[in-house]
Each structure stands twice: as C-alpha cells, then as structure tokens.
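Here is how the chains run, residue by residue.
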Amino acid sequence: MHALAEFILKGRTQAIVVAVIAALLPLLFWISAAAVCLVTLRKGVAKGGLVIVWALIPAIMWSRQGDFTPIIVIVGSYALAIVLRSTVSWQRVIQVALLLTVFAGLIQQHFNGDVLAQLVQGVQQMMMQTSPKTSEYLSAESQWLLQATLGVFDTLHFAMMFSSLLLARWWQSRLYNPGGLQQEFHQLRFSPWFALSLLAIIIIAKSSGGEFIRWIPVMVTPLVIAGFALAHGSVAKRSLGRSWLVALYIATILLGPYVITMLVFIAAIDTFVDIRNRIPASQ
C-alpha cells in the first residue's frame, strides 16, 4: 500500500493508470476512489479532477450494466476529499457524506429501481424456500424488506466513500505527516446538535412503521465511527496497548447489535461531557 501511494503521486499518468485499472476491475473501485482522493488531498482539487475524469470512464461503463456503486463511490469520495482539504474537519466530512448518501440512494432507486426490486424478490424467494413461516411473513412485509435492502446499499455506499477517503488520508499521513491521521481520528467528536439530530432521525425512522427504516443504519454509522474514535483515543491516552482494541473489534463481530448500541450511546454522551479529556493520561 505504501508503494502504491508513492506510485500514484509520482505523476498524473501514474495516478490515472491506477485509478482507471482499479475502476475497471470488479470490487476494486474503492482503490480508484482512494487514488483520486490522495491526488486531491496532496496536489489540489484541479489535479484530482483530472484523475477522476479518467476514473469515471470505467465507472460509467459499470453503471450502464446496472451497477451504480462505482460511480457513486468515486464521485462521492472526491467530494469528501475536497471537503476535508478545505475544512480539515472529519465531522464536516461525515455530514457531507450523509447528504451524498441520501441523494445517491434516491437517485439510484429512481434509475435502478427495477434491478433493486428483482434483487429483493430473489432474497424473498430464497428465504421462502427456507421456511414456510418466513414465506408468510415476507409476503406481508415485502415493503419492509425492500426498505431494509435499500438501507444496506445506502450504508455500504457511505462506508465505501468514507473508507476510500480514510485510506487516502492514511497514505498521505504515512508519506508526509506520520501519525497525523491517528491524531485526527483520536480527536473525532461530534457537536451536540449533530449527534442529537442523528438520534432524532433514528427515533423518527424507527417509529414510522417501516416506511423510513432504510435510513436507520445510515444514521447509526457516524455514531459508531465516533464511538470507535473515542475508544481508540482513550486507549492511546492510557497507553493500554492494541489488545484492548482487538478485543473491542472481536466483541463487535460476535455481539454486533449490543456493542454497536453501546458505541452509539457512548458517542452521544461524549458530545456533552467530553469523556476523552476526563480520562487521566498514563504516567
């Protein structure tokens, strides 16, 4: 990865080659997005724009086949890189990422609704073959399943855009500012109004009876990120070692909903009491 970042920054041609090849290959478009972000962060919006023009050629090709994810992730990541470069604020990046995710989700549903509906029908048929009781439930809750499936796609788009930018910032940090990304991530903390807004949307969507359920995982994801940032910052401040973080991630995999709920509430509380600064540093 370090060598790849150096190659991307050698010149415009090298960056375009990486961006185009990665966008052409299945499931590697996030590397193309990261390459665009790296050039944007290091060399400016204009030079990043030249790279994204070439990266969009294969992304548009994929969209003509019904897969809009590459074009959404590449364009969205480029926009987030512009925001990070101009504001140096990860909260602002996440806010813009949420807006882009909602906009992209609605656009994709409009232009690609038939494909999504077919996908949901395939999931229904597969689950119906598993259990007759499941068949009866899904027949009555087909709209809920559609909204839940759309929510999964929306959350993946958000995660991919954010991860591509994070990878690019990590590359930049390794090459020019060692430890810079780590410090930024450890300090990530939302303002109270933003955290409360996310919680309010989650509560409203949950009580809507399924109509807006697709937006729940999207709005939960930023709070989970902030929760992990708080955990990383606290462990670093106390010099506890990586084993604590490894245990946290294993617990998240094994006890997913419970740990995620805990991270969401801790992140929300942190916006008011600043838990990080209340933790004494190790001697």
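Residues numbered from 1 in each chain as written. Predicted model: local features only at pLDDT ≥ 70, side-chain atom pairs only at ≥ 80, totals over all residues. Heavy atoms only, no water.

The helix and strand inventory of the protein chain stands at 14 helices and 0 strands. Moving toward the C terminus, one meets the helices and strands of the protein chain in the order α-α-α-α-α-α-α-α-α-α-α-α-α-α. Look at the contacts in the protein chain between residues 6 or more apart in sequence, and 73% of them connect residues 24 or more apart. Carbon and sulfur atoms make up 67% of the accessible area of the protein chain, which amounts to about 15000 Å² in all. (Helix = DSSP H or I, 4+ residues; strand = E, 2+ residues; numbered from the N terminus. Contact = heavy atoms within 4.5 Å. Areas by Shrake-Rupley, 256 points an atom, 1.4 Å probe, with all protein chains shown as cover.)

What follows is about the pattern of salt bridges. With the rule as written, the count across this model stands at 5 salt bridges. The partner of Asp154 in a salt bridge is Arg214, and the shortest N-O contact between them spans 2.7 Å. With a gap of 60 residues between them, Asp154 in helix α8 (residues 142-176) and Arg214 in the loop between α10 (192-206) and α11 (215-238) connect regions that are remote in the sequence. Measuring nitrogen to oxygen at the nearest pair gives 3.8 Å for the salt bridge that ties Asp274 to Arg189. Of this pair, Asp274 sits in the loop between α13 (256-273) and α14 (275-278) while Arg189 sits in the loop between α9 (180-186) and α10, and the two are 85 residues apart along the sequence. Residue classification places Asp274 among the buried positions, given a relative accessible area of 17%. Assessed through its relative accessible area of 31%, Arg189 is described here as partly exposed. (Salt bridge = Lys/Arg side-chain N within 4 Å of Asp/Glu carboxyl O. Buried < 20%, exposed > 50% of the residue type's maximum accessible area, 1.4 Å probe, protein only.)

With glycine set apart, most residues show a phi of negative sign, and most peptide bonds adopt trans. Positive phi outside glycine occurs at Leu27, with the angle close to 70 degrees. Within the secondary structure layout, Leu27 lies in the loop between α2 (12-24) and α3 (29-43). If you check the backbone angles, Asp274 has positive phi at about 50 degrees while not being a glycine.

Turning our attention to a nonpolar patch on the surface. There is a patch of nonpolar side chains on the surface, built from Phe7, Val17, Ile21, Leu24, Leu25 and Met61 and spanning about 470 Å² of accessible area. Along the chain, Leu24 turns up in helix α2. Residue classification places Leu24 among the partly exposed residues on the basis of a relative accessible area of 40%. (Patch = residues over 30% accessible without salt bridge, like charges linked within 9 Å, V, L, I, M, F, W, Y side chains within 5 Å.)

Moving on to the packing of α2 against α3. Taken N-terminus to C-terminus, the directions of α2 and α3 make an angle of 155 degrees; their axes are 6 Å apart at the nearest point. Accordingly, the angle class assigned to the pair α2 and α3 is roughly antiparallel. In the crossing of α2 with α3, the sense of the turn from one axis to the other is left-handed. Residue-level contacts link Ala15, Val18, Ala19, Ala22 and Ala23 of α2 to Phe29, Ile31, Ser32, Ala35, Val36 and Val39 of α3. (Axes fitted to C-alpha atoms, helices over the stretch in contact; angles between N-to-C directions. Parallel < 35°, antiparallel > 145°, perpendicular 65-115°, else oblique. Left-handed = near helix turned anticlockwise from the far one by under 90°.)

Here we come to the packing of aromatic side chains. According to the stated counting rule, one finds 5 aromatic pairs in the structure shown. For the ring pair Phe228 and Tyr249, a centre distance of 4.8 Å and an interplane angle of 10 degrees mean the geometry is stacked. Residue Phe228 is located in helix α11, and its partner Tyr249 is located in helix α12 (residues 242-254); the two are separated by 21 residues in the primary sequence. Clustering of aromatic rings is evident, with ring pairs tying together Trp90, Phe158 and Phe162. Its end group placed over the ring of Tyr176, Arg42 keeps NZ or CZ at 3.5 Å from the ring centre. (Phe/Tyr/Trp six-rings, centres within 6.5 Å; stacked < 30°, edge-to-face > 60°. Lys NZ or Arg CZ within 6 Å of the ring centre and 35° of its normal.)

Okay, the side chain of Thr101 next. With respect to the helices and strands, Thr101 occurs in helix α6 (residues 90-130). For Thr101, a relative accessible area of 1% gives the class buried. Side-chain polar atoms of Thr101 contact the backbone oxygen of Ala97, separated by 2.7 Å. If sequence neighbours within four positions are ignored, Thr101 has contacts with Asp154, Phe158, Met161 and Val218. (Polar contact = N/O pair within 3.5 Å; in protein donor to acceptor, adjacent residues only side chain to side chain.)

The next point concerns α3. If you check α3, its first and last C-alpha atoms are 21 Å apart, about what 15 residues at 1.5 Å a residue would give, namely 21 Å. Here α3 lies mainly inside the structure; 12 of its 15 residues are buried. All of the buried residues along α3 are Phe29, Ile31, Ser32, Ala33, Ala34, Ala35, Val36, Cys37, Leu38, Val39, Thr40 and Leu41. Count one or two residues on from α3 and you reach Gly44, which has phi positive near 115 degrees. (Expected span 1.5 Å × (residues − 1).)

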